[in-house]
Each structure stands twice: as C-alpha cells, then as structure tokens.
Amino acid sequence: MDLLNTIGIGAVSCYALLSTAHKSMQTLYAQPKDQSSASEDFAFLPSVDIIVPCYNENPHTFSECLASIANQDYAGKLRVYVVDDGSANREKLERVHHTYAGDPRFDFILLRENVGKRKAQIAAIRRSSGDLVLNVDSDSTLASDVVTKLALKMQNPEIGAAMGQLTASNRNDTWLTRLIDMEYWLACNEERAAQARFGAVMCCCGPCAMYRRSALLSLLDQYESQFFRGKPSDFGEDRHLTILMLKAGFRTGYVPDAIAATVVPDRMGPYLRQQLRWARSTFRDTLLALRLLPGLDRYITLDVIGQNLGSLLLALAVLTGVLQVALTATVPLWTVMMIASMTMIRCAVAAVRARQLRFLAFSLHTPINLFFLLPMKAYALCTLSNSDWLSRSSPANMTSEGGEHPTSEASAGGTSGNAAPLRRLNLARDSSTVTPAGVYSDD
C-alpha cells in the first residue's frame with residue numbers, strides 16, 4: 001500500500017507544480033493590455049449578418065433573443081437570418097416571427113427537417129452577404145453594444161474570429177447556476193483573456209462569436225464536412241471552426257466588454273450531459289490543434305499541456321487516494337491538503353480580480369470536478385466516436401413560460417466583475433430566433 005501512497009503523492013505534487021506554473025502565467029497574461037492606441041472609431045462601417053439557428057426553442061426565450069438583436073445600436077448595415085431547423089413546435093414559434101415581420105432587417109429560413117445546428121448555420125451563411133458574420137444561439141441575449149464592440153475588434157484584418165464575454169442569464173436560479181456562472185467568468189477572464197494576448201483564443205464560444213466572412217467562406221466546406229473515425233462530427237462547431245481559423249493563419253480574439261447572457265443547466269443531470277459532449281469535442285479538436293502549436297506562442301503550448309496533462313495528474317491522484325481509503329482505511333492527507341490549498345488560492349485570486357467575494361464559494365465546484373467531471377472526461381475519452389448531442393430539446397419538455405430543464409450550448413464564458421447583469425430569462429436549450437421580412441423554404 002506504500003506504492004499507492006507514493007503514486008498519489010507524486011501525482012498530486014506534479015499536478016501542483018504544473019498547475020501553479022500554468023495558472024500563474026494565465027493570470028499574468030489575462031491582465032488587460034494598454035488599449036490607448038486602439039482605435040475606437042470605424043474606418044468604415046462593415047455590414048454584419050447575424051445568424052440565429054433555432055430548433056424546438058421555447059417561444060419566450062426565442063422572443064427575448066430576437067428582441068436583444070433588434071435593439072442593437074450598431075450604426076452600420078445589419079441583417080438577421082433566423083433558421084428554423086425543422087422545429088416540431090414551429091406553429092408556436094411563428095407567433096414570434098410575426099412580431100418582426102415588418103422589420104426589413106430580418107429574414108426567416110424554414111428547413112423542412114432537422115439537419116443540425118451546423119448545417120442550419122451554413123444554410124444562412126450561404127444566403128448572406130455581410131462583411132462580418134455573428135453567430136448567436138437562440139437561448140442567448142446580447143447587450144445592445146455587442147455588435148459594435150465585436151466589429152471594432154474585427155477592424156484588424158489579421159483577426160478571423162472574435163468572441164464576447166458570456167454570463168449565465170439564470171444565475172440566481174440554483175446553487176449550480178451560480179457555480180456555472182463563476183466557472184464561465186474564470187474561463188473567459190482567465191483562459192480566453194490569456195490566449196487572446198497571443199491572438200490564439202482556442203474556442204470562440206457559440207452563443208456570441210463573430211467571423212470575417214471572407215475567411216469563413218474559405219473554410220465552409222471543411223467546417224461542414226468534419227468527420228471523426230469515419231463518422232460525421234456534428235457538435236463542438238464553435239471550437240472546430242475556431243481551430244480551422246487558426247489553421248488558416250488567422251488570429252482569434254476576445255472582447256471582455258461585449259457581453260452576452262445565455263441559459264445554463266440548473267440540474268446536475270443536464271449539466272453533466274452537456275459537459276460530456278463538450279469533453280468529446282475538446283478531445284477531438286485538441287488532436288487537430290496540436291499541429292498548430294509550433295506556430296503559436298509557447299504559452300499556448302503550456303496552456304494545452306496544463307489543461308490536459310493537469311487533468312490526468314489530478315485524476316491519478318484522486319484515484320489512488322480513493323483506493324487508499326478503500327483498501328487501507330487511511331486518508332491521503334498530503335493529497336487532500338494539496339488540493340484544498342490549490343482550490344483556496346485560486347478562489348481567492350479570482351475574488352480579488354473580479355472584486356466579488358462570491359468567488360470564494362467556487363471552492364464548492366472542486367468536489368464536483370473531482371468526483372463527477374474527471375470520471376466523465378475519462379468516459380468521454382473512451383467514447384470519442386459517439387456524436388449524440390444528449391440534450392436535444394423536444395416540445396414535450398417545454399412550456400410556454402420557459403424551458404423546464406434549460407441547458408446551454410455556450411462554451412465557457414464569464415461574467416464581468418463590473419458589468420451590470422443582464423435581465424434574467426427563462427430559456428430552454430438548443431434553438432434560435434427569427435423574425436422575417438422575407439421567408440424562405442429549403443426547396
């Protein structure tokens with residue numbers, strides 16, 4: 001049993017060293033750079049197309065999403081393409097469509113059958129013509145200046161994609177939504193912010209991501225025909241498209257004050273299913289991203305190693321600790337102390353950076369990570385060929401007042417420490433919003 005103890009101590013010590021180096025560098029590079037030289041005016045106003053795919057969305061959620069798009073303060077040309085991806089509750093959604101029927105900016109595309117979010121996006125992209133394309137999930141709402149701030153970021157011709165900061169619109173619902181909101185803040189304002197320092201955000205999150213149309217069109221065929229082990233890979237579209245942008249030589253960015261709110265799971269079951277799907281997507285595209293690392297800053301290599309090898313070392317430490325308790329009835333004190341101290345330090349740093357004491361409570365996420373997410377990631381690694389979305393909503397699971405079991409397709413994002421929270425919404429997963437001046441079928 002001394003072997004178990006030795007392995008556990010070695011694994012958790014290596015994890016502590018790697019994590020300390022990784023998180024220290026991440027915190028350093030996540031600090032905002034001096035933006036005094038950045039232009040706050042447009043040399044010209046690019047036209048922007050907003051793409052909103054929708055599948056079985058809750059009508060109330062859908063309406064709130066479209067309203068936030070209609071209220072954008074962007075001074076340039078704005079066009080909205082809402083794609084109904086064969087929704088079974090289309091009759092209810094059409095009531096929302098009629099609200100925007102008189103708005104010439106809105107076009108509505110009806111697909112006769114469900115083809116998936118990625119193909120629904122592509123159907124709109126091929127019909128659009130704007131200089132920039134903004135992908136928005138139908139269960140997300142945008143602050144009124146999101147388009148303007150993302151378009152300003154895209155003035156740099158080297159940038160092919162940029163994302164805004166994500167918050168949980170239903171943050172105050174349950175203890176879990178509060179933890180997820182903090183998780184999003186950390187993912188955006190630590191991970192994405194540090195990656196953006198080197199022009200290599202590895203995942204421009206689905207609920208709010210803008211792309212340069214010329215770059216997007218050159219990658220559209222690759223984006224549409226992603227396969228893994230000979231099978232179509234339909235989820236993780238945001239991460240895959242971001243990797244393709246980097247592979248094509250474009251930079252990817254992050255705009256912390258372009259704020260979008262999205263619904264997050266309020267129960268453990270939907271949350272774990274969502275995380276399982278994301279884990280499979282991350283593992284698949286990490287294999288593709290490895291080829292890019294030699295051409296990127298060395299910090300990005302450290303970031304990829306820290307996230308993947310760190311999780312492996314932590315899982316090994318937890319496994320040996322559990323076996324030690326089961327077989328010898330002794331507690332691995334060194335492992336417990338190291339994990340506890342690392343957790344408290346990280347939460348304290350986040351609380352200082354965000355200027356919010358609530359981040360001290362993020363320590364409650366540690367047992368979820370240790371005993372649920374780590375085993376789930378191991379299972380994801382063993383089932384990479386499975387492309388089941390696991391959380392496709394059906395009208396039977398929704399009410400007219402809001403999603404009963406809302407889950408979000410947003411990749412990790414975050415809440416600004418100083419930003420006023422967007423209005424809470426009752427939203428259901430997997431949808432899109434629409435309101436047309438023109439209505440198209442897929443004939």
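First, a word on what this report is: a plain description of the structure on this page.

Conventions adopted
Residues numbered from 1 in each chain as written. Predicted model: local features only at pLDDT ≥ 70, side-chain atom pairs only at ≥ 80, totals over all residues. Heavy atoms only, no water. Helix = DSSP H or I, 4+ residues; strand = E, 2+ residues; numbered from the N terminus. Expected span 1.5 Å × (residues − 1). Contact = heavy atoms within 4.5 Å. Buried < 20%, exposed > 50% of the residue type's maximum accessible area, 1.4 Å probe, protein only. Pairing = 2+ DSSP bridges. Axes fitted to C-alpha atoms, helices over the stretch in contact; angles between N-to-C directions. Parallel < 35°, antiparallel > 145°, perpendicular 65-115°, else oblique. Left-handed = near helix turned anticlockwise from the far one by under 90°. Nonpolar A, V, L, I, M, F, W, Y, C, P; charged D, E, K, R; others polar. Patch = residues over 30% accessible without salt bridge, like charges linked within 9 Å, V, L, I, M, F, W, Y side chains within 5 Å. Areas by Shrake-Rupley, 256 points an atom, 1.4 Å probe, with all protein chains shown as cover. Salt bridge = Lys/Arg side-chain N within 4 Å of Asp/Glu carboxyl O. Core = buried A, V, L, I, M, F, W, Y, C linked by side-chain atoms within 4.5 Å. Lys, Arg positive; Asp, Glu negative; His and termini not counted. Polar contact = N/O pair within 3.5 Å; in protein donor to acceptor, adjacent residues only side chain to side chain.

**With respect to helix α1 (residues 2–29)**
In a regular helix each residue adds 1.5 Å, so 28 residues correspond to 40 Å; α1 covers 40 Å between its end C-alpha atoms and thus fits that length. Among the structural elements, α6 (175–196), α10 (298–328) and α11 (333–354) are those in contact with the buried residues of α1.

**Quick look at the pairing of strand β10 (residues 251–262)**
Among the twelve residues in β10, nine count as buried, and that is most of the element. Both strand β5 (residues 140–142) and β10 contribute to a ladder of three bridges, which runs antiparallel. Its bridge partner lying in β10, Leu142 is registered against Ala260. Sheet analysis places strand β6 (residues 159–168) next to β10, joined by nine bridges and oriented parallel. Across the sheet, Thr167 pairs through a bridge with Ala261, a residue of β10.

**Here's the deal with the packing of helix α7 (residues 213–224) against helix α8 (residues 237–247)**
How two helices sit against one another is set out by the angle between their axes and by the gap between those axes. Contact pair α7 / α8: the axes reach a minimum separation of 10 Å and the direction vectors enclose 120°. Here α8 runs oblique to α7, going by the angle between their axes. Crossing geometry of α7 relative to α8 is assigned as right-handed. Here Ala215, Leu216, Leu219, Gln222 and Tyr223 of α7 lie close against α8, whose contacting residues are Glu237, His240, Leu241, Leu244, Met245 and Lys247. Each residue belonging to the contact of α7 with α8 can be placed in one class, and the counts come to seven nonpolar, two polar and two charged.

**Regarding the packing of α1 against α10**
Packing of α1 against α10 brings their axes to within 8 Å, and their N-to-C directions diverge by 150°. By the angle class used here, α1 and α10 are roughly antiparallel. Of the two elements, α1 crosses α10, and the hand of that crossing is left-handed. Broken down by class, the residue content of the contact of α1 with α10 amounts to 20 nonpolar, nine polar and one charged.

**A closer look at a nonpolar patch on the surface**
Together, Val325, Val331, Leu333, Val336 and Met337 make up an exposed nonpolar region whose accessible area comes to about 470 Å². With three residues, α11 is the largest single contributor of residues to the nonpolar patch. Structurally, Met337 can be placed in helix α11.

**A short note on the nonpolar core**
Formed by 105 residues in total, the largest nonpolar core has its most connected members in Val48, Ile50, Ile69, Leu134, Leu150 and Met210. Sort the elements by how many residues they give to this core and α6 lands first, with ten residues. Dropping the residues within four chain positions of it, Ile50 is found in contact with Ile69, Leu78, Arg79, Val80, Tyr81, Leu134, Val136 and Val147. Counting residues in each nonpolar core, the second largest holds 14 residues, with Ala11, Tyr15, Leu314 and Leu374 among its members.

**Looking at the side chain of Arg213**
Its location among the elements puts Arg213 in helix α7. Buried and without a salt bridge, Arg213 has Asp49 as its closest oppositely charged side chain, separated by 4.4 Å. A polar atom in the side chain of Arg213 sits 2.5 Å from the backbone oxygen of Ser128.

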